[in-house]
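Take a look at the letters that make up each chain.
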Amino acid sequence: MLLPVRGPRHLPLVGHLPWIVRDPVNFFSQVSRRYGDVVPLRIGITRALYVNRPDLISQLLRDRNCQRSDESRAGIRSFVGEGLLAIEGAPHLRHRRLMAPAF
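Quantities reported herein were computed from a predicted structural model and do not represent experimental measurements.

Asker: I'd like to hear about unusual backbone geometry, residue by residue, with values.
Answerer: Its identity is not glycine, yet Leu 13 carries a phi of approximately 70°, on the positive side. Within the secondary structure layout, Leu 13 lies in the segment before α1 (17-22). We classify Leu 13 as exposed; its relative accessible area is 70%.

Here it is in structure tokens:
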């Protein structure tokens, strides 16, 4: 039986964006402390999951069944640019292999 995952209340239409934009470090720190390692969020009207555990993040990034939508990639690009988190497929694999020695 799966239990529902709780998250912070959000505003209609804008979701959690006002808090994320105002103070992202504080927002995500508080969300992690209060709700745990996997927290549902709203970015505008889009549903998202905030994952704050390295082993889960690693699993998500490696899992070939985990495909991000065009909207989520566009959102990621707006925050971090055209990097490893925003690309998929062969370019993602190539970039990941280039970065592996640094880790």
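Asker: With reference to specific residues and values, describe the pairing of strand β2 (residues 46-51).
Answerer: The pairing of strand β1 (residues 38-43) with β2 spans 6 bridges and is classified as antiparallel. Residue pairing across strands places Val 38 opposite Val 51, the latter belonging to β2. What sits between the antiparallel neighbours β1 and β2 is a turn of 2 residues, in which Gly 44 has the positive phi angle 65°.

Asker: Would you mind going over the confidence of the model for the protein chain in detail, with residue names and values included?
Answerer: Residue-level pLDDT values for the protein chain average 81, and 89% of them are 70 or greater. Element-level pLDDT for the protein chain is lowest in helix α4 (residues 70-80), with a mean of 73, against a maximum mean of 92 in helix α2 (residues 24-35).

Asker: If you had to explain the nonpolar core to someone new, which residues and values would you point to?
Answerer: One finds Ile 20, Phe 27, Val 31, Tyr 35, Val 39, Leu 41 and Tyr 50 forming the largest nonpolar core, which totals 7 residues. For this core, the secondary structure elements donating two or more residues are α2 and β1. Among the elements that line this core, the one with the most residues is α2, at 3 residues. Once residues lying within four places of it in the same chain are set aside, the contact partners of Tyr 35 are Arg 6, Gly 7 and Pro 8.

Asker: Let's hear about a nonpolar patch on the surface: which residues, and what values?
Answerer: Taken together, Leu 11, Leu 13, Val 14, Trp 19 and Ile 45 make up a surface patch of nonpolar side chains, about 490 Å² in accessible area. Residue placement: Ile 45 occurs in the loop between β1 and β2. Ile 45 sits in the exposed class, given a relative accessible area of 65%.

Cut-offs and rules
- Residues numbered from 1 in each chain as written.
- Predicted model: local features only at pLDDT ≥ 70, side-chain atom pairs only at ≥ 80, totals over all residues.
- Heavy atoms only, no water.
- Helix = DSSP H or I, 4+ residues; strand = E, 2+ residues; numbered from the N terminus.
- Buried < 20%, exposed > 50% of the residue type's maximum accessible area, 1.4 Å probe, protein only.
- Pairing = 2+ DSSP bridges.
- pLDDT = per-residue confidence, 0-100.
- Core = buried A, V, L, I, M, F, W, Y, C linked by side-chain atoms within 4.5 Å.
- Contact = heavy atoms within 4.5 Å.
- Patch = residues over 30% accessible without salt bridge, like charges linked within 9 Å, V, L, I, M, F, W, Y side chains within 5 Å.
- Areas by Shrake-Rupley, 256 points an atom, 1.4 Å probe, with all protein chains shown as cover.
- Salt bridge = Lys/Arg side-chain N within 4 Å of Asp/Glu carboxyl O.

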